[in-house]
Amino acid sequence: DVKVTQSSRYLVKRTGEKVFLECVQDMDHENMFWYRQDPGLGLRLIYFSYDVKMKEKGDIPEGYSVSREKKERFSLILESASTNQTSMYLCASSLISDTQYFGPGTRLTVL
Amino acid sequence: DQQVKQNSPSLSVQEGRISILNCDYTNSMFDYFLWYKKYPAEGPTFLISISSIKDKNEDGRFTVFLNKSAKHLSLHIVPSQPGDSAVYFCAASQINEKLTFGTGTRLTIIP
């Protein structure tokens, strides 16, 4: 059974803070993804990674960066959090060309 | 440019009846389609998929239909149950490419 975990379910940060969201998967998946979900906008891809130390920009990478030092771990970094980054953040993983499995999500509020 | 569209933000269906959720896409290169189900404060869970070489795929109460000429897919749930109340996202991709998600349809099953 695939398990994708995210470090926090709920997070409240202040504008300008640096924010780290961690994601870990236990199925040896090559691919990992970070999305944000906003009402009326669906799931939008921020960044993804096909391998360790490899990253690709998604559709909305501005204001975000990522790190993948180990195969099972993919981190999303908000260098200087802003109120428009208040959102639900979802991590997913998959084998190559296969179904993506999602973590439970992190509800981030930036005040 | 929204390549995957779910034009109905919400849908209400009586328990026991059929629920039909629709999805349209514009990119004729898409060859793999998926439906995900999402409960509040949880990550999306994979429901069912279909590749472009098929026009129908069935899994228990869930059936996905693909009409390539119309660039349209639909998810049928029969019979609908209260636990089916959730937000449903369709997604599409080309082989070895990232998923593109629709904006979601909130399904409410009325007891």
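Along each chain, numbering runs from 1 in the same order as the chain's sequence is written. Naming scheme: in the order in which they are written, chains are lettered from A and ligands are numbered from 1. The predicted nature of this model means local features are confined to residues of pLDDT at least 70 and side-chain atom pairs, given and counted, to a pLDDT of 80 or more, with totals for whole chains, interfaces and linings taken over all residues. As a rule here, side-chain values cover all heavy atoms of the structure and leave hydrogens and water aside.

All right, on to the state of the cysteines then. Chemically, a disulfide is nothing more than a covalent bond linking the sulfur atoms of two cysteines. Residue and element names in this part refer to chain B. Criterion for a disulfide: a pair of cysteine sulfur atoms at a distance within 2.5 Å. Tallied over the entire structure, the rule returns two disulfides over all chains. Across a sulfur-sulfur distance of 1.9 Å, Cys23 and Cys90 are joined as a disulfide pair. Judged by the torsion about the S-S bond (65 degrees), the Cys23/Cys90 disulfide is right-handed. With Cys23 in strand E3 (residues 19-25) and Cys90 in strand E9 (residues 86-93), this pair connects stretches of sequence that are 67 residues apart. By the criteria applied, helices consist of DSSP H or I runs no shorter than four residues and strands consist of E runs no shorter than two, each listed in order from the N terminus.

What follows deals with the interface of chain A and chain B. By definition in these notes, contact holds between two residues if any of their heavy atoms fall within 4.5 Å. Facing 21 residues of chain A, the contacting portion of chain B comprises 18 residues. For the pair chain A and chain B, the two sides together bury roughly 1500 Å², of which 58% comes from carbon and sulfur. Salt bridges are identified by distance alone: a Lys or Arg side-chain nitrogen within 4 Å of an Asp or Glu carboxyl oxygen. At the surface where chain A touches chain B, the tally comes to one salt bridge. The closest approach of N and O atoms between Asp59 of chain A and Lys98 of chain B, which form a salt bridge, is 3.3 Å. Polar contact criterion, stated in full: a pair of N or O atoms within 3.5 Å, where within protein one must be able to donate a hydrogen and the other to accept it, and residues adjacent in sequence count only if both atoms are side-chain atoms. Remark: the boundary between chain A and chain B carries six residue pairs in polar contact (both at pLDDT 80 or more). Elements supplying a minimum of two residues to the side of chain A that touches chain B: strand E4 (31-38), strand E5 (42-49) and strand E9 (87-94) of chain A. With four residues, the top contributor of residues to the side of chain A that touches chain B is E5 of chain A. When its residues are assigned to classes, the side of chain A that touches chain B shows 12 nonpolar, seven polar and two charged. Each of two parts loses accessible area, computed with a 1.4 Å probe, when they are put together; buried area is these two losses added. In the scheme used here, Gly and all other residues not listed as nonpolar or charged are polar, with Ala, Val, Leu, Ile, Met, Phe, Trp, Tyr, Cys and Pro taken as nonpolar and Asp, Glu, Lys and Arg as charged.

Every patch collects residues that have over 30% relative accessible area and no salt bridge, joining them within 9 Å if they carry like charges and within 5 Å if they are nonpolar side chains (Val, Leu, Ile, Met, Phe, Trp, Tyr). Here the open area of atoms and residues is found with the Shrake-Rupley method and a 1.4 Å probe, where only the protein chains shown may cover a residue. On the surface, Ile18, Ile20 and Val78 of chain B cluster together to form a nonpolar patch covering roughly 220 Å² of accessible area. Its place among the elements puts Ile18 of chain B in the loop between strand E2 (10-14) and E3.

Take it as geometry only, folks, not as evidence of what the structure does.
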